[in-house]
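Letter by letter, the chains look like this.
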Amino acid sequence: MSPKPRVAVFKMASCDGCQLQLLDAEDALLELAGAIEIANFAEASSRLEEGPYDVTLVEGSISTPEQVEQIKEIRAVSRFLMTIGACATSGGIQALRNGRDLAEVVRQVYPTPEYVRSLERSTPVAEHVKVDLELTGCPVDRGQLLGAIAWLLQGSVPRPPTTPVCIECKRRGYVCVVVARGEPCLGPVTRTGCGALCPAFARGCYGCFGPSQPPNTEALARRFLELGMSPVQVAEKFRFITGYAPAFRETAERLEREEASAT
Amino acid sequence: MRFLDEEGFGRLMALLAARGYVVIGPTVRDGAIVLDRIDGAKDLPRGIREAQGPGAYRLEATGDHQLFAWSHGPDSAKRFLFPPREVLSTATRLEGELRVDPAPLPEVRYAFVGLRSCDLHAIEVQDRVFAIADPAYRKRREESFYVGVNCGHPGGTCFCDSMGTGPRCAAGFDLALTELGGGFTVEPGTARGEELLSELGSREATGAEAAAAAAVTDGARERMGRRLETDDLPGLLYRNREHPRWDQVASRCLTCTNCTMVCPTCFCNDVVDGISLDGTEATRTREWASCFSEEFSHMAPGDVRKSARSRYRQWLTHKFASWIDQFGTSGCVGCGRCITWCPVGIDVTEEIAAIRVTDGEVAVAEEVVA
Ligand code: SF4
Ligand code: SF4
Ligand code: SF4
Ligand code: SF4
């Protein structure tokens, strides 16, 4: 048998939630440890080995000058680079600052703003280096993550679905919150993968898996306006966890302009 | 025609369960009448009706005691006969040897209670797709028992009358009921329906009861929420395949797949493989898929139906035109679910009517009209 593939897990600007999907995997974790060599995973073990790595998972967005350099170094020692989670794939919740005055945002959030050295924008890893596979979600879905690793171990690159959350919502027999309650839901423009978690609890999707196949965000925005929301309220829906993803951002910006020109 | 009082209906439910059927019927969950396993008449939506229109559905209390005074919600028998996810086979790799085991045939026997005529028709439409080649479907289909209920309460988006599939149950049932005050008229449709009925203690229906039952469906016919002109639909859709309406509807369509998921005849599916981390076990699963997914038309050179326009047109033209060429029947039974459960309320009857009023506005080159 060939030596076990060497796997590394790195973290940029993020909350650790995606890595926890791995650490919390319990039974699967033992199986995983049998199938791969965990060469560098600071959250799991203090034994940190140098590259090269066969598969590298990166959580988090690029938010500081150091991370811009670090991600290039990681790329250089990784055969296959997979980004995991909303932060790594679309800039994350911290991308809310993008397009605002950074100094002002920092002042509002931190008591000692002089300690903070941050980039103007929080950006997805793919804006900086070539990424071989993106798994979205806040956090990533454990089944999707382990499934992707399992296929990579077989030498096959998986294709995560791009169809909207609605397909899974209906497969599971959940009652649509838009149709039966008149509540907004981003499911029709968000890619499936979570198991339609939010509709399972009779609430609308807030888009944490990011845009689906070319999404018709404008048509959904019109529907939300019909439900009685203001343009800015609709824009806030799109500007949430994956709000910096281009499809969501563009519709949010257009709605904000619409509201500004109306007042 | 027989008459079964309310207690007799209770005996019917009990007898189905006693004979080992898993009874599937309408029940209220999360603000809609869904189909689920029920445990007797107490789980049925008594005194409830629904209001539905394009992209909207709400339940209301009626204050009466009727059990079937509503029209269907999002679910149909499809959910059970062609389940959303089903394991087809498993594979094991041990010491270089690969073993593939087809999934065992399903053991469950369903008794469906309260199916409407449109949905009984929809099952027969799906039979043409699955019955020949899918032994699990065939087994579930053949071993199930079907209690239809004639429709007296068409929904705001229903048009079964236009499609010739309702509101009166014409075929595909073991027993067909019509709810009247205080009980049901019953007609058996098969020998096993007849046999079950003989055990229930029904009596011959009076002339007045038979007339009241006929009036229920006659009244429903008058109150259809939608109508569709079906004259030469295939010709209409084929010659208008470059009609500007396809662009117009594509600007509204979310390509969210909801219409195809709730459609009782839509059968598209995908087969996905899962593998264990150590690479020794694999599972092959079939799941509901949709022509509204871009990836559904993925082939070696890329996605074939890239635009929302091409996907919407594919769906509507398949339902109402090429389905007839393919299976000898329309793919639409007029249940209206795709209209109600579309989050933006796109209405097939309106789309087709819009094309019809401007029929031929856009010429299509002769040679490509197959
Ligand atoms: S609840 Fe949301 S995800 Fe589910 S079908 Fe409705 S719009 Fe789609
Ligand atoms: S339903 Fe939407 S917000 Fe909720 S977990 Fe799924 S993708 Fe995320
Ligand atoms: S196309 Fe629409 S109306 Fe026709 S059977 Fe399907 S869901 Fe019902
Ligand atoms: S017609 Fe409606 S339900 Fe169907 S894919 Fe388009 S938006 Fe979704």
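Residues numbered from 1 in each chain as written. Chains lettered and ligands numbered in written order. Predicted model: local features only at pLDDT ≥ 70, side-chain atom pairs only at ≥ 80, totals over all residues. Heavy atoms only, no water.

Novice: Please provide a residue-by-residue account of the domain arrangement of chain A, values included.
Specialist: Residues and elements named next belong to chain A. Splitting chain A by domain gives domain 1 (6–153) and domain 2 (165–262). Spacing between the C-alpha centres of domain 1 and domain 2 amounts to 25 Å. The partner domain 2 presents twelve residues to the 18 residues of domain 1 that form the contact. Contact between domain 1 and domain 2 buries roughly 1,100 Å² in total, counting both sides, with carbon and sulfur atoms accounting for 58%. Taken together, domain 1 and domain 2 are joined by zero salt bridges. (Domains from an automatic or database assignment. Contact = heavy atoms within 4.5 Å. Buried area = accessible area lost by both parts, 1.4 Å probe. Salt bridge = Lys/Arg side-chain N within 4 Å of Asp/Glu carboxyl O.)

Novice: A description of the sheet that holds strand β1 (residues 2–5) of chain B should follow, citing residues and the corresponding values.
Specialist: All names here are of chain B. Taken in spatial order, the eight strands of this open sheet run β3-β2-β8-β9-β10-β11-β1-β12, and their pairing is mixed. In the strand order of this sheet, the two ends are held by β3 (32–37) and β12 (203–204), each with one partner. Of the strand pairs in this sheet, strand β2 (residues 22–29) and β3 are connected by six bridges, and their pairing is antiparallel. Of the residues in β3, the one forming a bridge with Ile24 is Arg37. (Pairing = 2+ DSSP bridges. Helix = DSSP H or I, 4+ residues; strand = E, 2+ residues; numbered from the N terminus.)

Novice: Mind laying out the confidence of the model for chain B, listing which residues take part and the relevant values?
Specialist: For chain B, the average pLDDT comes to 95, and 98% of its residues sit at 70 or higher. Both scores are given for the predicted complex: the pTM is 0.96, the ipTM 0.96. (pLDDT = per-residue confidence, 0-100.)

Novice: Please provide a residue-by-residue account of the side chain of Arg311(B), values included.
Specialist: Its place among the elements puts Arg311(B) in helix α11 (residues 308–327). On the basis of relative accessible area, Arg311(B) is assigned to the buried category, the value being 2%. Only 3.0 Å separates the side chain of Arg311(B) from the backbone oxygen of Arg305(B), close enough to count as a polar contact. Apart from residues no more than four positions distant in its own chain, Arg311(B) is found in contact with Gln213(A), Thr255(B), Cys291(B), Phe292(B), Ser293(B), Glu294(B), Arg305(B) and Lys306(B). (Buried < 20%, exposed > 50% of the residue type's maximum accessible area, 1.4 Å probe, protein only. Polar contact = N/O pair within 3.5 Å; in protein donor to acceptor, adjacent residues only side chain to side chain.)

Novice: Run through the sheet that holds strand β5 (residues 133–135) of chain A, naming residues and quoting values.
Specialist: Residue and element names in this part refer to chain A. Strand order in the open sheet formed by five strands is β2-β1-β3-β4-β5, with parallel pairing between adjacent strands. The sheet is open, and its two borders are formed by β2 (37–41) and β5, each paired with just one other strand. Shown here is a sheet whose adjacent strand axes are inclined to one another by a mean of 20 degrees, direction ignored. In this sheet, β5 lies alongside strand β4 (residues 78–84) in parallel orientation, the contact comprising three bridges. From the neighbouring strand, Met82 faces β5, where its bridge partner is Leu133. Packed onto the sheet, helix α3 (residues 65–76) meets β1 (6–11), β3 (53–59) and β4 and runs at close to 130 degrees relative to β4. In the packing of helix α6 (residues 142–153) onto the sheet, contacts are made with β3, β4 and β5, and the angle to β4 comes to roughly 165 degrees. (Axes fitted to C-alpha atoms, helices over the stretch in contact; angles between N-to-C directions.)

Novice: Could you give an account of the site of ligand 3, naming the residues involved and the relevant values?
Specialist: All names here are of chain B. Taken together, Phe159, Cys263, Pro264, Trp315, Lys319, Cys332, Val333, Gly334, Cys335, Gly336, Arg337 and Cys338 make up the full set of residues near ligand 3. Contributions of two or more residues to the shell around ligand 3 are made by α11 and α12 (337–340). Here the shell around ligand 3 is built from residues that sort into eight nonpolar, two polar and two charged. (Near = heavy atom within 4 Å. Nonpolar A, V, L, I, M, F, W, Y, C, P; charged D, E, K, R; others polar.)

Novice: I'd like a rundown of the interface of chain B and chain A, residues and numbers included.
Specialist: Counting residues at the interface gives 46 residues for chain B, matched by 38 residues for chain A. Approximately 3,300 Å² of surface area, both sides summed, lies buried where chain B meets chain A, with 53% of it carried by carbon and sulfur atoms. Counting across the chain B and chain A interface gives two salt bridges. Salt-bridge contacts for Arg171(A) lead to Glu287(B); the nearest nitrogen and oxygen are separated by 3.4 Å. For the interface between chain B and chain A, the tally reads 25 residue pairs in polar contact (both at pLDDT 80 or more).

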